[in-house]
Amino acid sequence: MKSPIDIVRGRIVDIDKHGIVTIKARYDDWPMLLKREYKECNIQMIDSRPLSDKQRRTCYKLIREISNYTGMGLDPTKEYMKLKFIAEDLQETADQMFSLSNAPMSLVCAFQRFLVRFILDWEASLRETAQAEALLEIAAREGTAAEAAALFKDGAPSERQRRLIEEKAARATPSARMRVWYDLGRILSGTSEGEDYTRRAFAEIRNIVLSGAAETARVPAPLAPAKDEITVRLPLRVNWGGGWTDTPPYCNEKGGAVLNAAILLNHDYPVEVQVRRLDRPVVVLESADLNAYGEFDSIAALQDCHNPYDSFALHKAALIACGVIPREGGALEDVLAQTGGLYLSTFMRNVPKGSGLGTSSILAGACAKALYEYFAIPHTDGDLYDCVMCMEQIMSTGGGWQDQVGGMTPGVKFILSAPGAKQRLRVRHIELAPETKRELDERFALIYTGQRRLARNLLRDVVGRYIGGVAESLAALEEIQRVAAMMAFELERGNVDGFAALLNRHWDLSRAIDSGSTNTCIDQIFNAIDEKLANVKKRLQARSPYSHIPFRLKDTATDDSCANTHLSYMGKMIPRTDLFTQEY
């Protein structure tokens, strides 16, 4: 029995002057013909004229072109293309392969059109493949996002290209893969697909950092408290030189160099963390300065720490990074059976989170230090630095290593790291003469700007400029490390004015790295106190409520008029700073 869609061969027996065609065709299953009540049919005309030599040569020329592409040889290519043509373009499968020497002209013409389409599609495919390969090559040599975007100026990558890119990127280095995702995110900017690729780029950075810290990361294991209660207090840090070179992936690919100092505010430690044993099986988290308090009896709620607006995101990340609870799965009852009830509290004294003084990372370091000491976990300073980096990646906030080193290690430090996933820090303490330290304490102050930006968004902007190969940013990141080294030299020889002059250069470089370092409000602050400054515009960052005031002129070091100028403008108190140089 024939199929519902029947193809019947016939012959044209007559065409009258009105264009009426009479066709004679044999249909074997005439009862089915009557049953189905066929009334209409489609007619495909077959040109039976003999094929000319020119047409035959054209066919062979097209097949030869395809053969050159595939390297299969002429005859195998011809047979393959005929089979492909029959399978894809004809509505029936021939009993025998047609021959170019005796096939109907209409069949051969259709075959020629099929060959042309095949060549055009093949060339388009080659162009798409070449574009995809070029994008991967740009990423592998750390080319710019602008170069990558130029490849697709005539249109976004096709689905086939994206599949090809993803297949090849899976075999690339993490550094190249990060750039591939970032470049695709920029090319598809403004679309949900573009945002997905950008997120994948920053996920690669997290993986790089976490893989580097894996050597010291703690695997959750049964822990028992060694003390009933422990309190850790830490200072803040000021970044004087080299900031952003400590931030992944720059430090992992180029290394970093930072000069910073630990400071007290109003002669007090601003950061405080307390861990305490509880008699009942529950985890209590508190952010005392935010008036936030929470009790947790579910491990899933403690493992949810990716929301930067969560008052307990940092506490939760500390529990995970220190190995108190697993990152995924598990039961809180099993954990508390070993640890007992746990209270973890954080407190920031007289300074808000996001102040630009390393508060979040130093608070994370204090949490890690408190938990390690509470459970008597052996550790080094390097273990604490790595733990904080893990915490920041777990929270998806990112961040480098200078904040925790600056606040957890006393004094003025020049910190170096070599390229590598594992950041091995060399911390060199800058020995200050007593008169140099005294002059620094007299001439350095903080000022409240009232300007804030979310660190995660700020990091995305700055890191994106580095990944995207923005020339101005790359040059500034290289130069800013040299400036940090020269700052250390000037401090060691007691030349505070020379140090202050280098801060001016550092300010210019900071603006090249992060255009949001200043704004109209901050510029007005500088204008108001300009005559009191030592020709320096130190980093008043737009993201920071508290930021560094420029070094005051030596002859006005004890004159608070420059601070009072801004006091009347903002109505905020200026905290007194002291360099913190003693051991904890």
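Residues numbered from 1 in each chain as written. Predicted model: local features only at pLDDT ≥ 70, side-chain atom pairs only at ≥ 80, totals over all residues. Heavy atoms only, no water.

Colleague: In this structure, what is going on with the side chain of Asp386? I would like to understand it.
Modeller: With respect to the element layout, Asp386 can be found in helix H14 (residues 381–394). Side chain to side chain, Asp386 and Lys422 meet in a polar contact 2.3 Å long. (Helix = DSSP H or I, 4+ residues; strand = E, 2+ residues; numbered from the N terminus. Polar contact = N/O pair within 3.5 Å; in protein donor to acceptor, adjacent residues only side chain to side chain.)

Colleague: Where do I start with H14 in this structure?
Modeller: Three or four residues apart is the spacing at which side chains of an α-helix point the same way, because the helix has 3.6 residues per turn. Here H14 contains 14 residues, and its C-alpha end-to-end distance of 20 Å stays within 8% of the 20 Å for a straight helix at 1.5 Å per residue. For H14, the buried fraction is high: 12 of the 14 residues fall into the buried class. Taken as a whole, H14 has its buried residues at Asp383, Leu384, Tyr385, Asp386, Cys387, Val388, Met389, Cys390, Met391, Glu392, Gln393 and Ile394. The elements touched by buried residues of H14 are helix H8 (192–212), helix H11 (313–321), helix H13 (359–374), helix H15 (402–408) and strand E11 (425–429). Within two residues after H14, Ser396 carries a phi angle of roughly 70°, on the positive side. (Expected span 1.5 Å × (residues − 1). Buried < 20%, exposed > 50% of the residue type's maximum accessible area, 1.4 Å probe, protein only. Contact = heavy atoms within 4.5 Å.)

Colleague: Explain a nonpolar patch on the surface here, please?
Modeller: Taken together, the side chains of Ile12, Ile15, Ile23 and Ile43 define a hydrophobic patch exposed on the protein surface, amounting to about 360 Å² of accessible area. In this structure, Ile15 sits in strand E1 (residues 10–15). (Patch = residues over 30% accessible without salt bridge, like charges linked within 9 Å, V, L, I, M, F, W, Y side chains within 5 Å. Areas by Shrake-Rupley, 256 points an atom, 1.4 Å probe, with all protein chains shown as cover. Salt bridge = Lys/Arg side-chain N within 4 Å of Asp/Glu carboxyl O.)

Colleague: I'm lost on the packing of aromatic side chains in this one. Help?
Modeller: Two aromatic rings are characterised by how far apart their centres lie and by the angle between their planes. Inspection of the entire model under this criterion finds eight aromatic pairs. Arranged with centres 5.3 Å apart and planes meeting at 55°, the rings of Phe85 and Phe111 form a pair that is tilted. Remark: Phe111 occurs in helix H4 (residues 105–140) and Phe85 occurs in helix H3 (residues 74–89); sequence separation between them is 26 residues. Side by side, Phe85 and Phe111 carry an identical accessibility label, which is buried. (Phe/Tyr/Trp six-rings, centres within 6.5 Å; stacked < 30°, edge-to-face > 60°.)

Colleague: For this particular structure, what's the right way to read unusual backbone geometry?
Modeller: If a residue is not glycine, its phi is most likely negative; likewise, a peptide bond is most likely trans. At the junction of Pro248 and Pro249, the peptide bond is cis and its omega measures out at 5° in the coordinates. Here Pro249 is to be found in the loop between strand E4 (236–241) and helix H9 (250–254). Positive phi values are uncommon outside glycine, yet Ala376 reaches one of about 55°. Here Ala376 lies in the loop between H13 and H14.

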